[in-house]
Amino acid sequence: MKICSLTAFVVPIALRRPVRHASHVRHHNDTLIVRCRLDTGHTGWGEGLPRPYVTGETIETAVQHVQQTSWHGLADSFQDPQEASDMLDEFVLADVSAPPEVVPRACFGNSVRCAVELAVLDAACQAAGCSVGEFICRLPEAAGIVRRQKEVFYSGVITSETPGRQRLSAFKMKLFGFAQLKVKVGTAGQDDRRCLRSVRRIVGKNVDLRLDANEAWQPQDVVSRMEPLLPFAPSCLEQPVPHAAVAELADIRSSLAVPVMLDESLCCQEDAEAAIRQNTCDLFNLRLSKCGGIRRSVRLAATAGQAGLGWQLGSQVGETGILSAAGRHFACNIDRIRYLEGSYDRFLVRERLTQEDLTFTRRGRAERIDRPGLGITVPDDRVQNLAEQTLEML
Ligand SMILES: [Mg+2]
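None of the values given here were measured: they were computed from a predicted structure.

Novice: Explain the coordination of the magnesium ion to me, please; I cannot follow it from the model alone.
Specialist: Four donors placed tetrahedrally about a metal ideally form angles of 109.5 degrees, and six donors placed octahedrally ideally form angles of 90 or 180 degrees. The magnesium ion binds to the protein through Asp 212 (OD), Glu 238 (OE) and Asp 263 (OD), with metal-donor distances spanning 2.1 to 2.3 Å. Each donor residue of the magnesium ion belongs to the same chain, with the gaps between them written as D-x25-E-x24-D. With Glu 238 in strand 8 (residues 234–238) and Asp 263 in the loop between strand 9 (260–262) and helix 9 (269–278), the pair connects residues that are 25 residues apart, well separated along the chain. Among the residues examined, Glu 238 registers a relative accessible area of 1% and is labelled buried. A residue is classified by how much of its surface remains accessible, and Asp 263, at 2% relative accessible area, is buried.

Novice: What is the right way to look at helix 11 (residues 294–306) in this model?
Specialist: Side chains three or four residues apart in an α-helix point the same way, a direct result of the helix having 3.6 residues per turn. When the terminal C-alpha atoms of helix 11 are compared, their 18 Å separation across 13 residues agrees well with the 18 Å that a helix rising 1.5 Å per residue should span. Backbone geometry just downstream of helix 11 places Gly 308 in the positive-phi region, at approximately 75°.

Novice: Teacher, can you tell me more about the pattern of salt bridges here?
Specialist: If charged atoms from side chains of opposite charge come close, those side chains can pair. Scanning all chains against the criterion turns up 25 salt bridges. Arg 299 serves as the salt-bridge partner of Glu 141, at 2.8 Å between the closest nitrogen and oxygen. Residue Glu 141 is found in the loop between helix 4 (132–138) and strand 4 (151–153), and its partner Arg 299 is found in helix 11; the two are separated by 158 residues along the sequence. Look at Arg 299 and you get partly exposed, because its relative accessible area is 23%. Here Glu 238 and Lys 182 are joined by a salt bridge, their closest N and O atoms 2.8 Å apart. Of the two residues, Glu 238 is situated in strand 8 and Lys 182 in strand 6 (residues 180–184); the sequence distance between them amounts to 56 residues. Lys 182 shares its class with Glu 238; the two are buried. Through salt bridges that share partners, Lys 182, Lys 184, Arg 210, Asp 212, Glu 238 and Glu 341 make up one connected network.

Novice: How should helix 3 (residues 110–128) be read in this particular structure?
Specialist: Here helix 3 spans 26 Å end to end across 19 residues, near enough to the 27 Å set by a 1.5 Å rise per residue. Among the 19 residues of helix 3, 16 are classified as buried, and the element is accordingly described as predominantly covered. Positive phi shows up at Gly 129, right after helix 3, with a value of about 75°.

Cut-offs and rules
Residues numbered from 1 in each chain as written. Predicted model: local features only at pLDDT ≥ 70, side-chain atom pairs only at ≥ 80, totals over all residues. Heavy atoms only, no water. Donors = N, O, S within 2.8 Å, 3.2 Å for Na, K, Ca; no water. Helix = DSSP H or I, 4+ residues; strand = E, 2+ residues; numbered from the N terminus. Buried < 20%, exposed > 50% of the residue type's maximum accessible area, 1.4 Å probe, protein only. Expected span 1.5 Å × (residues − 1). Salt bridge = Lys/Arg side-chain N within 4 Å of Asp/Glu carboxyl O.

Listed below in structure tokens is the structure:
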């Protein structure tokens, strides 16, 4: 089989309400959607969400990557999804310059890599009659971390809002029955201690609470910022300091009674190796778009496992059903995911793009997908009607 056409669409995806955290407020996403058609007649879909504060990408640089890369390197035929994945793995994007405020890392371009990988894998797995989950289980780098699960449980997230709205969120999440909740901290003007105290009081002592500071704190302040929050038993602290200061976490961690997770500082293999070498964390936050797709994320999980570290599968705010499905395949087939985020579709986005509704149900529960490919149906006209830009790649 071979790819006969590859098309990118820039699609604005409106969120149901603005989403805030320490470093950003978001009303809609500029989403990169990729469609892959094979000569077998199968069509696959992929999605990437460029984020300047994570991989340094904007929708403009993603479009430049799409326009300037010579995609003819993907025109060779392949036998099966594994061969298609090998081809993608070796494929190199054009050398696009990063925005001036960004120090580019190897992850620059990862949202484009993710969108293309998902589209090709979706189509190739359909043609091979297997699900993307089955493909994941057969990846050589997944050896030792495969576990097939029928169902998984997602976390709730309490974002930065007024104290009243945060309490309301906590009530809703308790009623919904989540076992794990993430609370965003570090937003200017917000009293984290007060927030955490009321969230803990509302959800009770058995819910696992973790924190995400989204780079808000300076290294010298991390311990003192955390001290008033410790009585509420957070199980993990995500990305307390800016990426530029991440090496300083090595010293801070010994005075901190909570495991540290890297997110903005963990986007590619180089980041993972630096984190292990410098001893800056206990856990990686893997997000498919940020990490360049499924295979690279599986490799990062394997790297974490070999170093004795843990990992979670995270998501970007406002993913459509395409990334939700990809995340589900990862979550239902990769072992030891400490926390799981994503599949917020109906709660967060106005247009999920897929016919299937992949939103989790009570307790954050969601089922395995066993259909071929990603197991989703994306109406072509829905994407074309919403697209602001359409770019033929191949
Ligand atoms: Mg985070």
